[in-house]
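Structure assessment
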There are 2 protein chains.
Amino acid sequence: MSELTRVAVDAMGGDNAPEEVVKGAVEAVNASERVKVFLVGRPEAIEPLLAGVDYPKDRLEIVPASEVIETGDPPVQSIRRKKDSSIVVGERMIREQKADAFVSAGSTGAVLVGGQLLVGRIRGIERTPLAPLIPTEKGSSLLIDCGANVDARSSHLVQFARMGSIYMEYVMGIQNPRVALVNIGLEEEKGNALVKETYPLLKACKDINFIGSIEAREIPRGYADVIVCEAFTGNVILKLYEGTASTLVDMIKKSLMSDLRSKIGGLLIKPALKQTMKGLSTSDNGGAPLLGLNGLVVKTHGSSKADEIRNSILQCMTFQEQGITEKIRASLAAEE
Amino acid sequence: MSELTRVAVDAMGGDNAPEEVVKGAVEAVNASERVKVFLVGRPEAIEPLLAGVDYPKDRLEIVPASEVIETGDPPVQSIRRKKDSSIVVGERMIREQKADAFVSAGSTGAVLVGGQLLVGRIRGIERTPLAPLIPTEKGSSLLIDCGANVDARSSHLVQFARMGSIYMEYVMGIQNPRVALVNIGLEEEKGNALVKETYPLLKACKDINFIGSIEAREIPRGYADVIVCEAFTGNVILKLYEGTASTLVDMIKKSLMSDLRSKIGGLLIKPALKQTMKGLSTSDNGGAPLLGLNGLVVKTHGSSKADEIRNSILQCMTFQEQGITEKIRASLAAEE
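Every value quoted in this text rests on a predicted model; they were computed, and no experiment measured them. (Residues numbered from 1 in each chain as written. Chains lettered and ligands numbered in written order. Predicted model: local features only at pLDDT ≥ 70, side-chain atom pairs only at ≥ 80, totals over all residues. Heavy atoms only, no water.)

**Topic: the sheet that holds strand 8 (residues 209-215) of chain A**
In a beta sheet, neighbouring strands are held together by backbone hydrogen bonds and run either parallel or antiparallel to one another. All names here are of chain A. Heads up, the rule is: Paired strands, in this sense, are two strands between which DSSP finds at least two bridges. Numbering of helices and strands runs from the N terminus, with a helix taken as a DSSP run of H or I at least four residues long and a strand as a DSSP run of E at least two residues long. Fitted lines through C-alpha atoms serve as axes, helices being fitted only where they are in contact, and the angles separating the N-to-C directions of these axes extend from 0 to 180 degrees.
Across the sheet, 5 strands lie side by side as 5-6-9-7-8; this open sheet has mixed pairing. Both outer strands of the open sheet, strand 5 (133-135) and strand 8, are each paired with one neighbouring strand and no more. Between one strand and the next, the sheet's axes are offset by a mean angle of 35°, whatever the strand orientation. Judged from the 3 bridges that link them, strand 7 (residues 178-183) and strand 9 (residues 226-228) form a sheet pairing that is parallel. By the bridge assignment, Val 179 is partnered in strand 9 with Val 226.

Here it is in structure tokens:
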């Protein structure tokens, strides 16, 4: 493994940019000798953060980009107009083969649109799904698709299943990952038109371990490694999941403040509870990959801290070293 | 209010039938003088449970039904073939105007199919949504539709919004209920084809308080009283909500057993935590109404205990006394 994985990182994206992004990038190049990072953004904002920091100079470079796409900016227009923004410059580096991957905590819409317009789809891939890892009781599951393109067709979902399976097997190291289709019942005849059409197609796929339907109730239990759905459903699942967990935690915290007895109890359980809640954090896994592109684009949480940036960069390295793009290309042959 | 509301109750449906159902029915007639209950089921199973129990004999009757539809039975076939089942007999009582409402903890599929085939839709109502109340941080929201008919059209969703609004205002007592459409972003141009088509239609409804889109993340916070979506999404939301809450509670319980310190803390916080969890229970509200029928059908949880059955019966009384069916009929005029 002599070749370096080259990762362009959006130094200007996210709530904690550029400080945490730069910190995460430094941690990544210090953690592995097999990765090179390009910090894309305003040099005058990045350089002071690197002053006096110890890191291998030949594996961490600044690539200037004068503009920033804000979260509220309309994605398509921003990608077209802000040609010197960190997202456009970073994603274009993949197209120009100056980078293998791009990591951003910035505007999800712009990162997705840029992925399609600037990086480009693998030939034969119809759609490029955004596939976050969601925490479960047993570990993590890949929820594919949570992107911006809704109203998918069954052929899209079959490609999502294949790409998700490859990702979980070779990047996350899950052997023979269990692939399930989100449905409102377990019987094959249940579901909406899309699900009914997709089910037999997935059943016929010999290259994935399709275990059938999964009801939303079972998702937090970790019964599947790859959870396939179209993006409207995926977004509802992802956001309700986050919303329910955070509301419940808030309610529990409030109940722990309700009287003295509970306050004392709350102090006692704090370490164990913190440990449990840490198990529900996904930042250890890095960000959500946008799959099916000629290269990897990873969207991390807007609130990413250094550890999520670092892990996302290292995740790009595994992606590259495992030849995921080539594996996805090869999986398209199985469609014929 | 001299007329009694007549409620047929499925004595054989649910995990705790007939014991808890009979108990709930007795509690209901003892709680209000304005309700009459027909316990539909096998007399030999019901009668022993009433022996020695104190209740007004003229307001609690047994209506014999020899068959039982099991949870696993195919809904449509069961409704057609098991003509002497408690669900068929009970729902037919509404059609024959011998009852105003029907309450069942039995097979959801059979109760829904029977509602459509036996009770019948209000003329002009295109679909009859199942609308459970889900717990939120602030109280409860009506999630409409969680039924079995997926792939809805925008005109269905508009009727759901109107019926849900009427239900929350007159049965649950929420003034000017806030109606929101489930979406994956707050902007009007976001969403799938169905949502984009429905949004302007809801915006144009003068008889509801439409507050726009709601992202799934906000549902547990209680930002809307009526949450409108098609049934596939509704089922995903309902089940993920239950699944996430129960998984999280299990994980917290496990963390409270992890060491001595946490065990002691766990004992101390138990009462406050129990109180909080009780706030998340929906049994106080009764079951989920199936709306748009010529009468009310209420589906309670399969695991219903007496209190949920009792509250569901009393909910039927409010429904009847408030003239909800007539109000729904009148709302159809607003469509013209």
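**Here we look at the side chain of A:Arg221**
Filter applied, for reference: Under the scheme applied here, a residue whose accessible area is under 20% of the maximum for its type counts as buried, over 50% as exposed, and between as partly exposed, the area being computed with a 1.4 Å probe on protein chains only. Contacts are residue-level and defined by heavy atoms, with any inter-residue pair within 4.5 Å sufficient.
Take A:Arg221: it is sitting in the loop between strand 8 and strand 9. Residue class for A:Arg221 comes out buried when judged on its relative accessible area of 15%. If we skip the residues at most four places from it in the chain, A:Arg221 touches A:Thr136, A:Glu137, A:Lys138, B:Ser246, B:Thr247 and B:Asp250.

**Thoughts on the pattern of salt bridges**
Inclusion rule: A side-chain nitrogen of Lys or Arg and a carboxyl oxygen of Asp or Glu constitute a salt bridge if their distance falls within 4 Å.
Tallying each qualifying case throughout the model produces 28 salt bridges over all chains. A salt bridge links A:Lys98 to A:Glu96; its shortest N-O distance comes to 3.3 Å. When its relative accessible area of 48% is taken as the criterion, A:Lys98 is described as partly exposed. Residue B:Asp225 is joined to B:Arg178 by a salt bridge in which the shortest nitrogen-to-oxygen separation is 3.0 Å. Here B:Arg178 lies in strand 7 (residues 178-183) and B:Asp225 lies in the loop between strand 8 (209-215) and strand 9 (226-228), a separation of 47 residues in the sequence. Each member of the salt-bridge network shares a partner with another, and the members are A:Glu137, A:Arg221 and B:Asp250.

**Some remarks on the side chain of B:Glu215**
Following the sequence through the fold, B:Glu215 ends up in strand 8. When near neighbours in sequence (up to four residues on either side) are disregarded, B:Glu215 contacts A:Lys239, B:Asn183, B:Ile184, B:Gly185 and B:Leu186.

**Topic: the interface of chain A and chain B**
Counted only if it meets this: Each of two parts loses accessible area, computed with a 1.4 Å probe, when they are put together; buried area is these two losses added.
The partner chain B presents 52 residues to the 52 residues of chain A that form the contact. Buried surface at the junction of chain A and chain B, summed over both partners, amounts to about 4,800 Å²; 71% is from carbon and sulfur atoms. Contact with chain B buries surface across chain A, with A:Ile184, A:Phe232 and A:Leu240 losing the most and accounting together for 14% of the total. Taken together, chain A and chain B are joined by 6 salt bridges. Across the salt bridge formed by B:Asp250 and A:Arg221, the nearest N and O atoms sit 3.0 Å from each other.

**Some points on helix 1 (residues 19-31) of chain B**
Here is the rule we go by: Here a helix's expected span is defined as the number of its residues, less one, multiplied by 1.5 Å.
The end-to-end C-alpha distance of helix 1 of chain B is 18 Å, a good match for the 18 Å that 13 residues give at a rise of 1.5 Å each. For helix 1 of chain B, the elements touching its buried residues are strand 1 (5-10), strand 2 (35-41), helix 2 (43-50), strand 3 (60-64) and helix 10 (306-321) of chain B.

**Quick word on unusual backbone geometry**
The step from A:Ala17 to A:Pro18 runs through a cis peptide bond, and the omega angle for that step is -5°. Following the sequence through the fold, A:Pro18 ends up in the loop between strand 1 (5-10) and helix 1 (19-31). Unusually for a residue other than glycine, B:Asp151 sits at a positive phi of about 55°. As for its position among the elements, B:Asp151 is in the loop between strand 6 (140-144) and helix 6 (154-170). The class of B:Asp151 is partly exposed, set by a relative accessible area of 40%. Despite not being glycine, B:Asn176 shows a phi value in the positive range, around 50°. By the secondary structure assignment, B:Asn176 is in the loop between helix 6 and strand 7.

**Comments concerning the relation of the copies chain A and chain B**
The following threshold applies: When the copies are overlaid, the least-squares fit takes in C-alpha atoms only where the residue has pLDDT of at least 70 in both copies.
Superposition record for chain A on chain B: RMSD 0.0 Å, screw rotation 180°, translation along axis 0.0 Å. Between the two chains, the operation in question is that of a two-fold axis. Minimal C-alpha distance to the rotation axis in chain A is attained by A:Gly265, lying at 1.9 Å. A symmetric contact is evident, with 100% of the interface residues of chain A recurring at the interface of chain B.

**Digging into the nonpolar core**
Here is the rule we go by: Nonpolar cores were defined as sets of buried Ala, Val, Leu, Ile, Met, Phe, Trp, Tyr and Cys residues, with membership established by side-chain atoms within 4.5 Å.
Membership of the largest hydrophobic core comes to 157 residues, with the highest contact counts inside it found for A:Leu39, A:Ile313, B:Leu39 and B:Ile313. Excluding residues that lie within four positions of it along the chain, B:Ile313 makes contacts with B:Val7, B:Val9, B:Gly24, B:Ala25, B:Ala28, B:Val35, B:Val37 and B:Val103.

**Regarding the packing of helix 1 of chain A against helix 10 (residues 306-321) of chain A**
Residues and elements named next belong to chain A. Just so we agree on the cut-off: Working definition: roughly parallel below 35 degrees, roughly antiparallel above 145 degrees, roughly perpendicular at 65 to 115 degrees, and oblique for all remaining angles. When the near helix sits turned anticlockwise from the far one by under a right angle, the crossing is termed left-handed; a clockwise turn instead gives a right-handed crossing. Gly falls in the polar group here, along with every residue not listed as nonpolar (Ala, Val, Leu, Ile, Met, Phe, Trp, Tyr, Cys, Pro) or charged (Asp, Glu, Lys, Arg).
At a closest axis distance of 7 Å, the pairing of helix 1 and helix 10 adopts a crossing angle of 45°. Here helix 1 is positioned oblique relative to helix 10, judged by the angle of their axes. Here helix 1 and helix 10 pass one another in a crossing that is right-handed. Between helix 1 and helix 10, the contacting residues are Glu 20, Val 21, Lys 23, Gly 24, Ala 25, Glu 27, Ala 28 and Ala 31 on the first element and Ala 306, Asp 307, Ile 309, Arg 310, Ile 313 and Leu 314 on the second. Here the residues of the contact of helix 1 with helix 10 are counted per class, giving 8 nonpolar, 1 polar and 5 charged.

**Observations concerning the packing of aromatic side chains**
The test is simple: In summary, the pairing rule links any two rings of Phe, Tyr or Trp, Trp by its six-membered ring, whose centres are within 6.5 Å, and it sorts them by plane angle into stacked for under 30 degrees, edge-to-face for over 60 and tilted for everything else. Here, a charge over a ring means that NZ of Lys or CZ of Arg falls within 6 Å of the ring centre while also lying within 35 degrees of the ring normal.
Going through the model one piece at a time under the given rule, you end up with 4 aromatic pairs over all chains. Where B:Tyr167 meets B:Phe319, the ring centres are 6.2 Å apart and the plane angle is 45°; that geometry is what we call tilted. Taken as a pair, B:Tyr167 in helix 6 and B:Phe319 in helix 10 lie far apart in primary sequence, 152 residues in all. By relative accessible area, which is 3% here, B:Phe319 ends up buried. The ring of A:Tyr55 carries A:Lys57 above its face, with NZ or CZ at 4.1 Å from the centroid.

**Regarding the confidence of the model for chain A**
Convention followed: Every residue gets a pLDDT, meaning the predictor's confidence in that residue, from 0 to 100.
This prediction gives chain A a mean pLDDT of 92; 97% of its residues lie at or above 70. For this predicted complex, the interface confidence comes out at an ipTM of 0.90, alongside a pTM of 0.92.

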